[in-house]
Amino acid sequence: MPIKNYSEKYRDWKPQTVFPQRLTIFDSIVLTAFTASILSLIWISYTYTGYQWNWDLLSSLIVTTHANGHYILGILLSGVIFTLKLSIWSLALALFLGGCIGSFSAHKKGPAALFVRFYINTIRNIPPLILLFFLYFFVGDMLSFENLAMKIYSLPLILQKVIALFFAPADQFDRMFTAVITLGIYEGAYITEIVRAGVETIPRSQWEASSAFGFPPLMKIRLIILPQALASIIPTLVSQSISTFKDSALAAFISLPELTFQSLEAMVISHMTFEVWIFTASVYLLLGLACSHIGKNILSHTYKWRAQR
Amino acid sequence: MKKYLIMFLLILLLFPLHASTQNSSHSMINQVIQHGVLRVGVSSFIPWAMQDKNGEFIGFEIDLAERLAKDLGVTLQLIPTRWAGIIPALMAGKFDILIGGICPSTERNLRVNFSIPYDYALIEPLAFAEKTKNLRFPEDFNNDNIIIILRSGSSAIPVAKKLFPKATLRYFDDEAIALQDLSSGNAHIFLTSAPLPEIEEARSKGCLKKLTNAPLVRQPISFAIRKGDYDSMNVLDTWIRIIKEEGWLAERKNYWFNNKQRHK
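Reference entry: report on the structure contained in this document.

1. Observations regarding the pairing of strand E12 (residues 217-226) of chain B
All names here are of chain B.
Working step 1: Relative to E12, strand E5 (residues 97-102) is paired through 2 bridges, and the arrangement is antiparallel. Its bridge partner being in E12, Leu98 is matched across the sheet by Ala224.
Working step 2: Looking at chain direction, strand E6 (residues 112-114) and E12 are connected through 3 bridges and run antiparallel. Within E12, the position partnered with Asn113 by the bridge is Ile225.
Working step 3: Relative to E12, strand E7 (residues 119-128) is paired through 5 bridges, and the arrangement is antiparallel. Counted as the bridge partner of Ala121 is Gln219 from E12.

Take a look at the structure:
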């Protein structure tokens, strides 16, 4: 298939908009029902007497003032930052693993492919929480991850601060490390499949043509196959990234002070069950929306870039 | 097939390599002094250990941990841990000492070692007022339509099983979730440690009620460490005796438990 066809196909591509030009009757029925149910939910929750709402206290859990006057992070916001760090590192590891294994295992047979199948099938069929416990209690103990954390104390102070800022403070290091590894290999297994499937959609003739031009294997994938495969990979990849943000909540079970763990702590000290979980749910929602927005931008850049070729 | 078998055996060969990284069994206290860091596992439970609004840990057990680290001359590192996995986390070496309101039991003692008690927990019933106003305590509660909430793995479980064998027991990992379930009227009583029932009765404005002033049972609370480390055990036991004789322990207990203002 000549490359020219691809560029013509994607030249006029625009991201789809949610809001149509005109509303049909069906649209207005759905909109009315939706607004009515949201309003009634709010009304029910405010007339429900079994629970005392206390939104003011929530703000002090998000941002609070220190004794000497300046603002510091409350326990919930520090949890949000931990969640961000955990998700971004896990996602980076998952993309690296998935990208490498996925693109090189495409169209492959034999022992190497067998190992990839073994990795994907094992990881995908184990609940992530059990994988996390396995790594934290069993593997982490055998390889003594906590000695790693102890070594951080012997590093110069400035280096300790950098690690604390971008990864985790020394007292959380082994748990953060375990959580990143677990989420990385767990999401990595899915991303491997996404990338492999994406690469395999590219017709064999493209591989053959690039071989005929004498491209070495790495350049073949980087310059010919991946740019074409990205169009089908990115939308699925975005939804997998959103999953990574959500799955980071599992780290609460190994007591990493991320958003879910801090919300449980906030519940213990404040007893504001509803407010705390509404806040937590909205943060995860916002993170997911931000992720899909970034994905959409990358996708439209990919199309524009390809249309220019 | 033979090829894959060889590969499988090769993978198996990799495993013994890691066995050498296992810690040899030194005294935990010696290691703590050597590293200069004491890692203490805690679990949030008002007023034993909890976070204030700034995220700083405060509470009776936090005071104990701070004093212990100070007396050993090392820095304290608190490791807040989910209650459900706190003993496995100790056994896996995620922290050195567990100061988490753990009541010794023979079953637990087979997995970890306990110090002499530093305090006693009083198990008290907290009830959903509306559902229990016509019931007499404790005789009416041994009935199969009574639902009792317990924190899973807590020392109130054997108490509930002994006193109310007919009642339905429901377990929660978290104190806060258990309380929310009780306040929603999904259960009749929640058996938990004092002074929680008293605090919650005051806070809930009549929705929850402490049923009796006499605690159901009194249970010792101890530090837990990994098994077989008698040197560290002796250090901890002696330390507890010292702070008891000093009166410091009683003074801290009084500060956190009898001062009503602390709980607001």
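2. Remarks on the pairing of strand E1 (residues 37-42) of chain B
All names here are of chain B.
Working step 1: Among the 6 residues that make up E1, 6 are buried, leaving the element largely enclosed by the rest of the structure.
Working step 2: Summarising the sheet, E1 and strand E4 (residues 75-80) pair through 6 bridges and their orientation is parallel. The residue of E4 that forms the bridge with Val37 is Thr75.
Working step 3: In this sheet, E5 lies alongside E1 in parallel orientation, the contact comprising 2 bridges. The partner of Gly41 across the bridge, within E5, is Leu98.

3. Looking at the packing of helix H4 (residues 75-105) of chain A against helix H9 (residues 173-200) of chain A
All names here are of chain A.
Working step 1: Between H4 and H9, the shortest axis-to-axis distance is 6 Å and the interhelical angle comes to 40 degrees. Taken together, the axis directions place H4 and H9 in an arrangement best described as oblique. As for the relative orientation of H4 and H9, their crossing is right-handed in sense.
Working step 2: The residue inventory of the contact of H4 with H9, partitioned by class, reads 17 nonpolar, 9 polar and 3 charged.

4. Describing a nonpolar patch on the surface
Working step 1: Judged by side-chain polarity, Phe34(A), Ile38(A), Leu39(A), Ile42(A), Tyr46(A), Trp55(A) and Ile278(A) come together as a nonpolar surface patch covering roughly 720 Å² of accessible area.
Working step 2: Here the nonpolar patch takes 5 residues from helix H2 (residues 25-47) of chain A, the largest share from any one element.

Conventions adopted
- Residues numbered from 1 in each chain as written.
- Chains lettered and ligands numbered in written order.
- Predicted model: local features only at pLDDT ≥ 70, side-chain atom pairs only at ≥ 80, totals over all residues.
- Heavy atoms only, no water.
- Pairing = 2+ DSSP bridges.
- Helix = DSSP H or I, 4+ residues; strand = E, 2+ residues; numbered from the N terminus.
- Buried < 20%, exposed > 50% of the residue type's maximum accessible area, 1.4 Å probe, protein only.
- Axes fitted to C-alpha atoms, helices over the stretch in contact; angles between N-to-C directions.
- Parallel < 35°, antiparallel > 145°, perpendicular 65-115°, else oblique.
- Left-handed = near helix turned anticlockwise from the far one by under 90°.
- Nonpolar A, V, L, I, M, F, W, Y, C, P; charged D, E, K, R; others polar.
- Patch = residues over 30% accessible without salt bridge, like charges linked within 9 Å, V, L, I, M, F, W, Y side chains within 5 Å.
- Areas by Shrake-Rupley, 256 points an atom, 1.4 Å probe, with all protein chains shown as cover.
- Salt bridge = Lys/Arg side-chain N within 4 Å of Asp/Glu carboxyl O.

Honestly, that's just the spatial picture; any functional story needs more than this.
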